[in-house]
Amino acid sequence: MTFLPLRTVIYCLFLVGLWYGPVSAGVDREKLLTDSGVYGSFAVFALDDQWGKIDSSIRIARLATLKGVVEQHREHVAIDLYLLRGLSDHADVLFRIHAMELRDIQAFLLDLKSSQFGRHLKTAGIMHGLTKKPTYVPGFSEQTKADLMSPSEPGPKPYVIVIPVKKSAEWWGLDREKQAAMMQEHTVAALPYLKTVKRKLYHSTGLDDIDFITYFETSKLEDFHSLVLSLEKVKEFQYVRRLGHPTLLGVLQSVDEIIESLVQ
Ligand code: HEM
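All of these numbers come straight from a predicted model, not from anything done at the bench.

Student: Explain helix 9 (residues 255-263) residue by residue, including any values.
Tutor: Residues I258, I259 and L262 constitute the buried set of helix 9. Mapping the buried residues of helix 9 onto a view down its axis gives an arc of 100 degrees, with all of them on the same face.

What follows is the structure, encoded as structure tokens:
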């Protein structure tokens, strides 16, 4: 068995990334992450049993193909990676992919799966959603709207939590004012946590079996725990039919960090 220092491995992988062609300017990542009308897919994978058995030098070579595929698709999709391994019992890695077209996400996932690294990935789940302009916020009180604009604490928020949500048919049958009043209550209960929890909402009705994918970043998991407990007390929660199943908890990592984690 050959063992190389990890720094050498990462440097080699950087070179391999360059080998996969000129590094393009890539998509406007900032725009994809903030605009409405953008598709967001969450693809969860577990490494197969073979992965741990192959020689580390082969693992390194296979991981280089992950970096190559990510580079190849940078022009059309924004890719974020999360390490679930160690925190999740059924998966190792989560890809969050944003694009203007769902088929660009599909093209990335197909290339990933057919790469030498991807052949070791077993799909644990894929969820799709779409970002939209806020439905209820425009009707909220001026104070709540202003509070929602308050910035979150600076500094890294390494933990990521993804929770799929499905609401009942009864919720969808309510008139807009009733829904808005309950969503304002939801928001007021959640506002104290806005400093330490960053949120993003994806709409999935019709694209998946769920209605929403909720995505959060935080450095304070205890705050996130208290936030969910607070939301479970508001009236709107009575219309939630599915919360989680699965709840995904992981740590945000760069491609190089993921490679370093999975090479071991
Ligand atoms: C920082 C904490 C949070 C804040 C400030 C917050 C605020 C909001 C706001 C303002 C909306 C309405 C968006 C619109 O107008 O379309 C909303 C929707 C939603 N939130 Fe939260 N939220 C927080 C945490 C959570 C958590 C922890 C969950 C569940 C785990 C959650 C689940 C949802 C869902 C499913 C919707 C969509 C509901 C619907 O449109 O029927 N939120 N949230």
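Still more to cover.
Student: Explain the site of the ligand residue by residue, including any values.
Tutor: With respect to spatial proximity, 23 residues lie near the ligand, and among them P134, T135, Y136, V137 and A190 are the closest. Of the residues forming the shell around the ligand, the biggest block, four residues, is contributed by helix 7 (residues 176-190).

Student: Outline the packing of helix 7 against helix 8 (residues 221-231), listing residues and values.
Tutor: Where helix 7 meets helix 8, the closest approach of the two axes is 9 Å, and the angle between their N-to-C directions is 150 degrees. Here helix 7 is positioned roughly antiparallel relative to helix 8, judged by the angle of their axes. The hand of the helix 7/helix 8 crossing is right-handed. Note on element contacts: helix 8 touches helix 7 through L227, S230 and L231, opposite H186, A189 and A190. Each residue belonging to the contact of helix 7 with helix 8 can be placed in one class, and the counts come to four nonpolar, two polar and no charged.

Student: Residues and numbers for unusual backbone geometry, please.
Tutor: Residue P246 follows H245 across a cis peptide bond; omega there is 10 degrees. Note that P246 resides in the loop between strand 8 (240-243) and strand 9 (248-253). Here H245 lies in the loop between strand 8 and strand 9.

How each quantity is defined
- Per chain, residues are indexed from 1 in the order of the written sequence.
- Predicted model: local features are reported for residues with pLDDT of at least 70 only, side-chain atom pairs are reported and counted for 80 or more only, and whole-chain, interface and lining totals are derived from all residues.
- Exposure in this text rests on C-beta crowding, where 20 or more other C-beta atoms within 10 Å of a residue's own make it buried, 12 or fewer make it exposed, and counts in between make it partly exposed. The C-beta atoms are placed from the backbone.
- Labels follow the DSSP assignment, with helices taken as runs of H or I lasting at least four residues and strands as runs of E lasting at least two, numbered in each case from the N terminus.
- In this context, the arc is that of the directions from the helix axis out to the C-beta atoms.
- Only the C-beta atom matters for nearness: placed from the backbone, it must lie within 6 Å of the molecule or strand for the residue to count as near.
- For helices, the axis comes from a line fit to the C-alpha atoms of the stretch in contact; other axes are also lines fit to C-alpha atoms, and the angle between any two N-to-C directions lies between 0 and 180 degrees.
- Here is the rule for angles: anything less than 35 degrees is roughly parallel, anything more than 145 is roughly antiparallel, 65 through 115 is roughly perpendicular, and the remaining ranges are oblique.
- Helix crossings get a hand from a simple test, with the near helix turned counterclockwise from the far one by less than a right angle marking a left-handed crossing and a clockwise turn marking a right-handed one.
- Residue pairs are scored as contacts if the distance between their C-beta atoms, which are placed from the backbone, is within 7 Å.
- Three categories are distinguished: nonpolar for Ala, Val, Leu, Ile, Met, Phe, Trp, Tyr, Cys and Pro, charged for Asp, Glu, Lys and Arg, and polar for the others, with Gly belonging to the last.

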